[in-house]
Amino acid sequence: MAVEALKHGHGTAQRPAAPRGLRRLTRGGWLRALWTTPLGFGLATALVCGIRWAAGWEPIWELQVLLTAWTIITPLAFLAGMGAFDYWAYWVSGRRTRPEDHSGHGADSWRDYLRVNTDHKVIGVQYVVTTFGFFLIAGLLALFVRAELAQPGSQFVDTQGYNGLVSAHAALMIFLFIVPVFAGFGNYVIPLMIGAPDMAFPRLNALSFWLLPIAGGTMLAGFLLPGGQFAAGWTNYPPLAEVNPVGNLMFQMGVQFAGASSILTALNFLVTIITMRAPGMTFWRMPLLVWANFTTSLLVVLATPFIAGSQFMLLLDRVLHTNFFVPDAAGYAIGYQHIFWFYSHPAVYIMILPGFGIISEVISTFARKPIFGYRLMALSLVAILILGFAVWAHHMFVAGMAPWLRIPMMVTTLLIAVPTGIKVFSWLATLWEGKLNLKTPMLWALGFILMFVIGGLSGVYLGSVTIDQHASDTYFVVAHIHYVLFGGSVFTIFAGAYYWFPKMTGRMYDERLGYVHFWLTVIGFNLTFFVQHYVGLQGMPRRVADYDPSFASWNMLSTIGAFTLGAGTLVFVYNLLVSWLRGSPAPANPWRARTLEWLVSSPPPKFNFEEIPTVVGGPYGYGVPGARHAVFNGDRAGTAEPEEVGAR
């Protein structure tokens, strides 16, 4: 669609006249969704109750079965109301294809971000804003958890409520923030980085986004159900998940929507990167962020169906009374763990590989040096992709799995540290003797390296069978996963948010507030989680609402750190909101970076480039006299600025 627009000179979308009368209720959008959504709810209710009445099943009103139908049909009715399926429905009906007027592409006002939009940049902003909203909700749940653990005993919630808070916090952070926010950054910058006018499948891209708020809303709705939120942990292990209250169904269905969104997005990235690169953009000229999203997308496509399968089997056990994981009926509960972790350990790399790409862009730009060992950096991403499927069972060393499997899984777990170590040493070598510019994105990149190394070192301990058997299910594991996913993934997310904020909004953020956010986060994060290594090795179990009074002072320190972390997050939100509204205008390339997204205005035009660029060199030619990454019309753009030439 966007390519044709460029060919025919459609630089702007022609908005059709607004419909009047009843046509306002039948055009895709929020007004139509207001009546299609309750219609879908009613249809689901009638379908379930009608079938149960006709079959003579009692009771006719079975909440567990109704919830399953509601969470499938109602979201589809909402999407239909919003217009997510309009073009496809028109085509399937056999009518003539409608000419594309691009009325659903691009943003002329804030309202365009609240509808189904086919512009990858609008979708990228939708992703980022929505996922940060879930981040704030998940962080608030974490503060409730830390408030409960500030002292021994019961303060605010009972044990089931505590389990619900912990489960929802982890599920939202993983499935609704870390995984999809990287898709948001990728949506915005990947087509720009490779010189494409849009993603390969714009309408599928829009649908991928709208599945996310549905997934998050489904998970959070569990708090409103009888018995409360799902409370079997984000891993949702049976047999506990088989007997949990009906809120557990909301986790299972929410994961299905989030997983479908991830798969559709990953397929879109793969096709876009493979088929829509600008002339001259070979694989060895792609920025490392593109490499990172390419390998991550392969991981998503290959691994995500496994968690979907595990949750479907749990759902069938609960609703249709199958016995996949019911021990009393010869079910294999440990089989669930194998299936779950066959996805969820590759998911750790789904949650960090795009961050590796962001850090590579930031470090090279702010050190004014080419990435050290570019090709080895790219190949190490591929190595992580392959090895990531061979390490899942190190999560199960104490689960009662076959003993012969432990040693091979320990070896592969330790082996995967090699390509990860290559990346750390490459970043350090890039920094060496570079002209460091300590802007906020660079601070987050440097903080990431330190925090991620700490998380990686504790991971080496947990990868060893003997140490893991002692530390498993203690707060040592909590500390490790937070150093990897918060000190790792979330630090890279903040680096990317500050780095591309001028490009996405056309405004500059407040640098001083950026520094305040960074230092509050670093101090609060380490206060919260570093001490948990110690209390874990001393025997404090995780996911338990109470603890021995001997751990009280350490937990109070963790709670103080958590609220400090929350204060830093509020500074971040304030900085970005105020800067977006009133920040100083951003130039096209405030960082003097070389990748293609910085060769266009901030924010970019609706179809990215007035003319397709030609790539003539690598993306990290800092300090190389006359180096160019891309040109327009052979010579007009991409030249190095005088102060860049000779910089190291």
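Residues numbered from 1 in each chain as written. Predicted model: local features only at pLDDT ≥ 70, side-chain atom pairs only at ≥ 80, totals over all residues. Heavy atoms only, no water.

Participant: I would appreciate a short explanation of the packing of helix 19 (residues 475-505) against helix 20 (residues 511-537) in the present structure.
Facilitator: Pairs of packed helices are described in terms of their axes, by the angle between the two and the distance that separates them. Where helix 19 contacts helix 20, the two axes come as close as 7 Å, and the packing angle between them is 165 degrees. Relative to helix 20, the element helix 19 is oriented roughly antiparallel. Our pair here, helix 19 against helix 20, has a crossing hand that is left-handed. Across the contact of helix 19 with helix 20, the residue classes tally to 15 nonpolar, 10 polar and no charged. (Axes fitted to C-alpha atoms, helices over the stretch in contact; angles between N-to-C directions. Helix = DSSP H or I, 4+ residues; strand = E, 2+ residues; numbered from the N terminus. Parallel < 35°, antiparallel > 145°, perpendicular 65-115°, else oblique. Left-handed = near helix turned anticlockwise from the far one by under 90°. Nonpolar A, V, L, I, M, F, W, Y, C, P; charged D, E, K, R; others polar.)

Participant: Looking at this structure, how should I read the packing of helix 7 (residues 159-193) against helix 13 (residues 353-367)?
Facilitator: Helix 13 packs onto helix 7 with a crossing angle of 50 degrees between their chain directions and a minimal axis gap of 11 Å. Overall, the two elements helix 7 and helix 13 adopt an arrangement that is oblique. Considering the relative orientation of helix 7 and helix 13, their crossing is left-handed. Here helix 7 contributes Phe182, Phe185 and Met193 to the contact with helix 13, which in turn contributes Pro354, Gly355, Ile358 and Glu361. Of the residues belonging to the contact of helix 7 with helix 13, the class tally is 5 nonpolar, 1 polar and 1 charged. (Contact = heavy atoms within 4.5 Å.)

Participant: Any chance you could explain the nonpolar core here in plain terms?
Facilitator: For soluble globular proteins, nonpolar side chains are generally found buried alongside one another. One finds Phe175 and Trp500 to be the most contacted residues of the largest nonpolar core, which totals 172 residues. The biggest single contributor to this core is helix 7, with 23 residues. Discounting residues that sit within four places of it in the chain, Phe175 has contacts with Pro180, Leu212, Met219, Trp234, Phe251, Val255, Ala258, Ile307 and Tyr343. Membership of the second largest hydrophobic core comes to 14 residues, among which are Ala44, Trp70, Met253 and Leu315. (Core = buried A, V, L, I, M, F, W, Y, C linked by side-chain atoms within 4.5 Å. Buried < 20%, exposed > 50% of the residue type's maximum accessible area, 1.4 Å probe, protein only.)

Participant: Would you take a moment to explain the packing of aromatic side chains for this structure?
Facilitator: Enumeration according to the criterion identifies 59 aromatic pairs in this entry. When the ring of Phe230 is compared with that of Phe251, the centres are 4.8 Å apart and the planes differ by 45 degrees; the resulting orientation is tilted. Note that Phe230 is positioned in the loop between helix 8 (202-221) and helix 9 (240-243) and Phe251 in helix 10 (residues 247-275), a separation of 21 residues in sequence. When its relative accessible area of 0% is taken as the criterion, Phe230 is described as buried. The interplanar angle of 50 degrees and the centroid separation of 6.3 Å between the aromatic rings of Phe324 and Phe325 together place this pair among those described as tilted. (Phe/Tyr/Trp six-rings, centres within 6.5 Å; stacked < 30°, edge-to-face > 60°.)

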